[in-house]
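This is what each chain is made of:
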Amino acid sequence: MGVKVVVEGLSKSFGAQTIWRDVTLTLPPGEISVLLGPSGTGKSVFLKALIGLLKPEEGQVVIDGVDVCSCSDSDLYDIRKMFGVLFQDGALFGSMNLYDNIAFPLREHTRKSESQVRDVVMEKMEMVGLVGSESKLPGEISGGMRKRAGLARALVLDPQIILFDEPDSGLDPVRTAYINQLIVDLNAQVDATFLIVTHDIGTARTVPDNIGMLFRRELVMYGPREVLLSSNEPVVEQFLNGRTQGPIGMSEEKDAGQMAAELAELGKDQGVPHIVPQLDVSQGLPRRTAVQRRQDRVMANLGSLTPAAQQEILSTLTVQEKQRYGVTDSGVVTRPPNQRTESMAGSLSTEEVAKVPAGAAQGQRPSPTPRTSGAEDDAFWAPGESVSEQPAKRGWFGRKRGGK
Ligand SMILES: Nc1ncnc2c1ncn2[C@@H]1O[C@H](COP(=O)(O)OP(=O)(O)OP(=O)(O)O)[C@@H](O)[C@H]1O
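Rules and cut-offs
- Going along each chain's sequence as written, the residues are numbered from 1 onward.
- Whole-chain, interface and lining totals are the exception, using all residues; otherwise, since this is a predicted model, local features are given only for residues with pLDDT of at least 70 and side-chain atom pairs are given and counted only at 80 or more.
- A run of H or I in DSSP counts as a helix once it spans at least four residues, and a run of E counts as a strand once it spans at least two, with each numbered from the N terminus.
- Around each residue's C-beta, the other C-beta atoms within 10 Å are counted; 20 or more make the residue buried, 12 or fewer make it exposed, and counts in between make it partly exposed. All C-beta atoms are placed from the backbone.
- By the convention adopted here, residues make contact when the C-beta atoms placed from their backbones lie within 7 Å.
- By convention here, the C-beta atom is placed from the backbone, and a residue is near a molecule or strand when that atom is within 6 Å of it.
- Only Asp, Glu, Lys and Arg are considered charged in this grouping, and only Ala, Val, Leu, Ile, Met, Phe, Trp, Tyr, Cys and Pro are considered nonpolar; every other residue, Gly among them, is considered polar.
- Summary of the metric used: pLDDT quantifies the predictor's per-residue confidence within the range 0 to 100.
- A set of buried residues drawn from Ala, Val, Leu, Ile, Met, Phe, Trp, Tyr and Cys, joined through C-beta atoms within 7 Å, is what defines a nonpolar core.
- Whether two strands pair comes down to DSSP finding at least two bridges between them.
- Orientation is described by axes fitted as lines to C-alpha atoms, over the contacting stretch for helices, and by angles from 0 to 180 degrees between their N-to-C directions.
- For a crossover, the right-handed case is the one in which the path from the first strand over the helix to the second runs clockwise, viewed with the strands pointing away from the viewer.
- When an angle is under 35 degrees it counts as roughly parallel; over 145 it counts as roughly antiparallel; between 65 and 115 it counts as roughly perpendicular; any other value is oblique.
- Each helix crossing is assigned a hand: it is left-handed if the near helix lies turned anticlockwise from the far helix by less than a right angle, otherwise right-handed if that turn is clockwise.

Looking at an unreviewed UniProt entry, one finds the chain named ATP-binding cassette domain-containing protein, with Allosaccharopolyspora coralli as its source organism.

What follows is the structure, given as C-alpha cells:
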C-alpha cells in the first residue's frame with residue numbers, strides 16, 4: 001500500500017514572490033488526489049517541494065516519519081526512491097528507445113541482471129499498453145504514447161507515491177480519457193498514493209478521491225471529491241465549470257469590484273453542478289482497495305463535511321453500504337467506523353479568499369485571517385457545519401494550526 005504524505009504549514013517563495021503559504025494537507029495512503037489551480041499558482045512547485053527538489057522556507061512534508069524539508073541527504077535519497085514521477089512531456093531521453101528509457105532507473109539504481117530488468121520493463125510496458133513498441137524512439141510516437149512510456153518508467157522502481165504533472169496536457173479528449181482510465185487502473189494494481197496536477201475539468205470530476213485547489217497563494221480547499229464538486233465557493237465553482245465569471249481572471253485573479261459585479265449578474269440560481277460518478281477500474285482488474293478505506297474514512301467524518309457533500313455521499317450508498325454504516329432512511333449514520341482520527345487539510349472560506357489582497361503577489365503577507373485558538377486543534381467539525389458557515393476554521397476535517 002502507498003504511504004501517507006503529511007504536509008504541514010508549507011510556504012514557498014522565490015525572492016519577493018510568494019508562491020503559496022501555509023499549505024496543510026494529507027494525501028491518504030493509496031488514494032488518488034488531484035491538485036487544481038489556475039496557471040502559475042505553483043502546482044508544479046508544490047510537486048517539486050514534495051520530493052525535496054525545492055526547499056520551502058517554512059513547514060514540513062512528512063513521509064514515513066521523515067521530514068523531506070529538513071532531513072539529511074541520505075534520508076532524502078531513500079525517500080526519493082519511494083516516488084515515481086510522470087513529468088509533463090514524459091521526460092524521455094530522445095536518443096534512447098522506449099525499452100532503454102524504461103529500463104534506465106533500474107540500471108541506475110538497482111543491481112538487477114539484464115534478464116530481471118527485462119522482466120520488470122516488460123511487465124510495466126504491459127501495464128501501460130505499450131508492448132510491441134520497445135524499439136521505438138520517443139520522437140516516433142504520439143504524445144499519448146510518450147506519456148504512457150513516462151508512466152511505465154515512473155513505475156519500474158515500484159514507487160509508493162506517484163506524482164503526475166499534468167498527465168493530460170497536450171492530449172485530445174479521447175487520449176485524455178484513455179490516460180485517466182489508465183491512472184485509475186494502475187491505482188487498482190499498485191495501490192500507491194497518487195497526486196495529480198491538472199487543469200482538466202473532466203479529470204478533476206472523474207478521477208480523484210480527493211481534490212485540492214490552490215488560488216491566490218493559498219490552498220483554498222482540499223477534501224473528499226464530493227465536497228469540491230458540490231461546492232458553491234465562487235473560485236471552485238468557476239474553475240470546475242470553466243466559466244469566465246468569477247474570481248479567476250486572465251491573469252489569475254480579478255479586481256474585487258469586477259468579481260462582485262459578475263457574480264451578482266450570474267445570479268444564485270446556477271445550481272450545484274451535478275456530480276458525475278467516479279471512474280471505475282476496467283473490467284478484469286481488481287477493485288481499488290483505496291475505495292473501501294476512503295469510504296470508511298469519509299463515513300467516519302461525514303458530519304464534518306458540507307451538507308451538500310453529505311447528501312451526495314449518502315445518495316450513492318448501496319443498501320449493503322447503508323447497513324454497514326448504519327444509515328437510516330432519514331440519512332442518519334448510527335454506526336460510523338471508528339476512524340475519527342484522520343486529519344486531512346486546511347481550507348479558506350469565501351470571505352478569507354476574498355480578503356487576500358492582490359499585493360500578496362509581491363510577497364506581502366495579507367492581514368491575518370481570523371483563526372480560532374490552538375485549543376481546538378485536532379477537533380472535528382460538528383455535523384451540519386460547512387466551510388462558508390465557519391470562516392475561522394480551516395478544514396472540513398478540522399485541523400487548525402494555532403498561533404499562525
Ligand atoms: N526555480 C524557480 N525560480 C523562480 N521562480 C520559479 C521557479 N520555479 C517556478 N517559479 C515560478 O513559480 C510560479 C509558479 O510556477 P508553477 O510552474 O509551479 O505554476 P503552475 O501552477 O504549475 O502553472 P501551470 O499550470 O501553468 O503549469 C511561476 O510564477 C514561476 O515562474
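Counting secondary structure elements, the chain contains 14 helices and 10 strands. Across the 404 residues that make up the chain, the buried fraction comes to 43%. Sequence-distant contacts in the chain: of pairs separated by 6 or more residues, those separated by 24 or more amount to 70%.

Next up on the list: helix α9 (residues 234–241). Counting buried residues in α9 gives seven out of eight residues, a clear majority hidden from the surface. All buried positions along α9 are accounted for by Pro234, Val235, Val236, Glu237, Gln238, Phe239 and Leu240. In the stretch just after α9, Gly242 is the one whose phi turns positive, near 60°.

What follows deals with the site of the ligand. The ligand sits among Phe14, Ile19, Gly37, Ser39, Gly40, Thr41, Gly42, Lys43, Ser44 and Val45. For the shell around the ligand, the element with the highest residue contribution is helix α1 (residues 43–50), accounting for three residues. Considered class by class, the residues forming the shell around the ligand number three nonpolar, six polar and one charged.

Looking now at the confidence of the model for the chain. Scored by pLDDT, the chain comes out at a mean of 78, with 75% of its residues at no less than 70. Element-level pLDDT for the chain is lowest in helix α14 (residues 350–355), with a mean of 44, against a maximum mean of 97 in strand β8 (residues 193–197). In this model, residues 339–404 is a region of pLDDT below 50 whose contacts with residues beyond four sequence positions or in other chains number 129 contacts. For this predicted complex, the interface score ipTM comes out at 0.97, while the overall pTM is 0.80.

The next point concerns the nonpolar core. Counting 80 residues, the largest nonpolar core has Val61, Ile102, Leu163, Ile196 and Met213 as the members making the most contacts within it. Among residues more than four places away in sequence, those in contact with Met213 are Leu36, Gly37, Val220, Met221, Leu228, Val236 and Phe239.

With respect to the secondary-structure elements, Asp119 resides in helix α4 (residues 114–127). Residue Asp119 is classed as exposed on the basis of its 12 C-beta neighbours within 10 Å. The spatial distance from the C-alpha of Asp119 to the C-alpha of Arg153 is 13 Å, given a sequence separation of 34 residues.

A separate point is the sheet that holds β8. Pairing is mixed in the open sheet, where six strands are placed in the order β6-β7-β8-β3-β9-β10. Each edge of the open sheet is held by one strand with a lone partner, namely β6 (83–86) and β10 (218–224). Taking the axes of each pair of neighbouring strands and ignoring which way they run, one obtains an average angle of 15° across the sheet. In this sheet, β8 lies alongside strand β3 (residues 32–36) in parallel orientation, the contact comprising four bridges. Of the residues in β8, the one forming a bridge with Ile32 is Phe194.

Let us now look at unusual backbone geometry. Here Asp64, not a glycine, exhibits a phi torsion of approximately 55°, which is positive. Within the fold, Asp64 resides in the loop between β4 (58–63) and β5 (66–67). C-beta crowding within 10 Å serves as the criterion here: with 14 such atoms nearby, Asp64 is assigned to the partly exposed category. One non-glycine residue, Asp191, lies in the positive phi region at around 55°. Position of Asp191 relative to the elements: it lies in the loop between α6 (173–190) and β8. Classification of Asp191 by C-beta neighbours within 10 Å gives partly exposed; the count is 19.

A few words on the pairing of strand β7 (residues 161–165). Across the five residues of β7, five count as buried, placing the element largely inside the fold. Side chains Ile161, Leu163 and Asp165 of β7 all project onto a buried face; the interleaved residues Ile162 and Phe164 project onto the opposite face, where all are buried too. With respect to chirality, the unit in which β7 leads through α6 into the neighbouring parallel β8 is right-handed.

If you trace the four strands from one edge of the open sheet to the other, you get β2-β1-β4-β5, paired in antiparallel fashion. The open sheet has two edge strands with one neighbour each: β2 (17–27) and β5. In terms of strand pairing, β4 meets β5 through two bridges, oriented antiparallel. In the sheet register, Ile63 faces β5, and the bridge partner there is Val66. Packed on one face of the sheet, α1 meets β1 (5–14), β2 and β4 and runs near 120° to β1.

The subject of this paragraph is the packing of helix α3 (residues 98–109) against α4. Running from N to C, α3 and α4 cross one another at 125°; their axes reach a closest spacing of 10 Å. Relative to α4, α3 is oriented oblique. Remark: the crossing between α3 and α4 carries right-handed chirality. Contact with α3, carried on its side by Tyr99, Ile102, Ala103, Leu106 and Arg107, involves Val117, Val120, Val121, Lys124 and Met125 of α4 and no other residues of that element. Split by residue class, the contact of α3 with α4 holds eight nonpolar, no polar and two charged.

Attention now goes to the environment of Gln88. Along the chain, the position of Gln88 falls in the loop between β6 and α3. As a C-alpha pair, Gln88 and Gln292 span 204 residues in sequence and 30 Å in three-dimensional space. Not counting residues up to four positions away in its chain, the partners in contact with Gln88 are Asp165, Glu166 and Ser169.

Glancing now at the environment of Glu237. When you line up the elements, Glu237 lands in helix α9. Glu237 gets classed as buried once you count the C-beta atoms within 10 Å, which come to 22. Expressed as a C-alpha distance, the spacing of Glu237 and Pro247, which sit 10 residues apart in the sequence, is 10.0 Å.

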